[in-house]
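Listed here are the chains, written in short residue letters.
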Amino acid sequence: MAPETVAGVLQAARDHWTTAPDLEITLEANPTSSDAQRFRAFAEAGVNRLSLGVQSLNDRALKFLGRQHSARQALEAIEMARQAIGRFSFDLIYARPDQDLAQWTAELKEALALGPEHISLYQLTIEEGTAFYTLRQRGDLVEMPEDQASSQFHATRDLLADAGLPAYEISNHARPGRACRHNLTYWRYGDYVGIGPGAHGRLSGPEGKRATRQHRAPEVWLGETEKAGHATQQAQILSPQERRDELVMMGLRLEQGISRADFYRELGMEMEESLVPGRLRLLQSEGLIELDEDGLRATRQGLPVLNSLLAHLLS
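Here is a short report on the structure shown in this document.

Basis of the calculations
- Residues numbered from 1 in each chain as written.
- Predicted model: local features only at pLDDT ≥ 70, side-chain atom pairs only at ≥ 80, totals over all residues.
- Heavy atoms only, no water.
- Phe/Tyr/Trp six-rings, centres within 6.5 Å; stacked < 30°, edge-to-face > 60°.
- Helix = DSSP H or I, 4+ residues; strand = E, 2+ residues; numbered from the N terminus.
- Lys NZ or Arg CZ within 6 Å of the ring centre and 35° of its normal.
- Salt bridge = Lys/Arg side-chain N within 4 Å of Asp/Glu carboxyl O.
- Buried < 20%, exposed > 50% of the residue type's maximum accessible area, 1.4 Å probe, protein only.
- Expected span 1.5 Å × (residues − 1).
- Arc of directions from axis to C-beta.
- Contact = heavy atoms within 4.5 Å.
- Pairing = 2+ DSSP bridges.
- Axes fitted to C-alpha atoms, helices over the stretch in contact; angles between N-to-C directions.

**Thoughts on the packing of aromatic side chains**
Then comes step 1: Under the criterion given, the structure shown has 5 aromatic pairs.
Then comes step 2: Pairing tyrosine 168 with tryptophan 187 gives two aromatic rings, centres 6.1 Å apart and planes at 65°, and the pair type is edge-to-face. Of this pair, tyrosine 168 sits in strand E5 (residues 167-169) while tryptophan 187 sits in helix H9 (residues 181-187), and the two are 19 residues apart along the sequence.
Then comes step 3: Over the ring of tyrosine 189 we find lysine 209; its NZ or CZ atom is 3.8 Å from the centre of that ring.

**Considering the pattern of salt bridges**
Then comes step 1: In total, this model carries 24 salt bridges according to the counting rule given.
Then comes step 2: Notably, a salt bridge pairs arginine 96 with glutamate 107, separated by 3.2 Å at the nearest N-O pair. Of this pair, arginine 96 sits in the loop between strand E3 (88-94) and helix H6 (101-112) while glutamate 107 sits in helix H6, and the two are 11 residues apart along the sequence.
Then comes step 3: Residue classification places arginine 96 among the buried residues on the basis of a relative accessible area of 7%.
Then comes step 4: Judged by its relative accessible area of 6%, glutamate 107 falls in the buried class.
Then comes step 5: As a salt-bridge pair, glutamate 270 and arginine 260 come within 3.6 Å of each other at their nearest N and O atoms. Linking glutamate 270 in the loop between helix H12 (260-267) and helix H13 (271-274) with arginine 260 in helix H12, this pair joins segments that are 10 residues apart in sequence.
Then comes step 6: Residue classification places glutamate 270 among the partly exposed positions, given a relative accessible area of 33%.
Then comes step 7: Connected through shared salt-bridge partners, Asp22, Glu24, Arg87, Glu117, Arg178 and Arg181 make up one network.

**A look at helix H1 (residues 3-16)**
Residue pairs three or four apart in sequence face the same way in an α-helix, which turns once every 3.6 residues.
Then comes step 1: If you check H1, its first and last C-alpha atoms are 20 Å apart, about what 14 residues at 1.5 Å a residue would give, namely 20 Å.
Then comes step 2: Residues of H1 that are buried: Pro3, Val6 and Leu10. Across the axial projection of H1, the buried residues extend over an arc of 55°, all falling on one side. Pointing more than 90 degrees away from the buried face of H1 are the exposed residues Glu4, Asp15 and His16.
Then comes step 3: Check the buried side of H1 and you find it contacts strand E1 (26-29) and helix H3 (39-45).

**Quick notes on unusual backbone geometry**
Then comes step 1: One non-glycine residue, alanine 95, adopts positive backbone phi at about 60°.
Then comes step 2: In this structure, alanine 95 sits in the loop between E3 and H6.
Then comes step 3: Given the relative accessible area of 6%, alanine 95 is considered buried.

**Description of the pairing of E1**
Residues in a regular strand project their side chains so that they alternate between the two faces of the sheet.
Then comes step 1: Where burial is concerned, the two faces of E1 differ: the one with Leu27 and Ala29 is buried and the one with Thr26 and Glu28 is not.
Then comes step 2: Judged from the 4 bridges that link them, E1 and strand E2 (residues 49-55) form a sheet pairing that is parallel. The partner of threonine 26 across the bridge, within E2, is arginine 49.

**Some details on the sheet that holds strand E12 (residues 295-298)**
Then comes step 1: Spatially, 3 strands are ordered E10-E12-E11 in an open sheet, and the strand pairing comes out antiparallel. Across the chains shown, the open sheet's two edge strands, defined by having one partner strand only, are strand E10 (258-259) and strand E11 (289-291).
Then comes step 2: Across the sheet, helix H14 (residues 277-285) touches E11 and E12, and the angle it forms with E11 is around 120°.

**Side note on the sheet that holds strand E7 (residues 200-205)**
Then comes step 1: One open sheet holds the 3 strands; their spatial order is E7-E8-E9, and the pairing between them is antiparallel. In the strand order of this sheet, the two ends are held by E7 and strand E9 (232-237), each with one partner. Neighbour to neighbour, the strand axes of the sheet diverge by 20° on average, direction disregarded.
Then comes step 2: By the bridge criterion, 6 bridges tie E7 to strand E8 (residues 208-214) in an arrangement that is antiparallel. Residue arginine 202 lies in a different strand from E8, and its bridge partner there is alanine 211.

Given below as structure tokens:
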């Protein structure tokens, strides 16, 4: 996206909404030379935080992940982001095939030496329909065993906490006060407007919470927007159970979990009324969740198996 387009989008947002004096404006960018050279222009357009899709600081791993940049370009982009904008975050992927704990720890320490205020660390997952899925089906890719991936997960959290970037969400770490406000809105099940091609939104109104989805194809989205003023393909009021499921799926990703006040505000029910008591007790007895007067949260043991935990809790 051209810097001029960024400036236009931000001005349109300001025309429609009252914005905070310290508004956080994040732009996602890839660490290629073409993007990095435009960072200063993005800053002039109003961007004050960059999120860089680094994924690895190892050239061999970047090739395996299908990335177009090199480790050197990633390091150069991080330095350009620091100079042009100041605030930046980047992501890394771990639990890669044949990556042992020592290798991951070394890469993580190299990343920390770059001085990030925020870092996103994702375990490699194989999704159906991807090239990795095909490789796995053919036997050409073997995923890391679950116990080894769990060890890397816990080692990551401990190392980052010791470095002053504790986890505030299952995959995200930040220095105090530097958590990503945009993503916190998702995880706290707040309202957000989805505008661009394929974007989803959640908007509260008198009738309830509405889920919206825009046309995915950019050319269709543009034509519909020019014709009708928007390209909303789907807009539906979510049922109480759908809202409960989304709130729990997002909120249990947070280190602090879901507060009782937020749960009641959204659903008008206590947690024990909305969730199956027997399943709550079972997950508590297994040490996977904690439920007390403050709210509901996943434990250190529960976070690495959060998807399975949620499937049991919400099915």
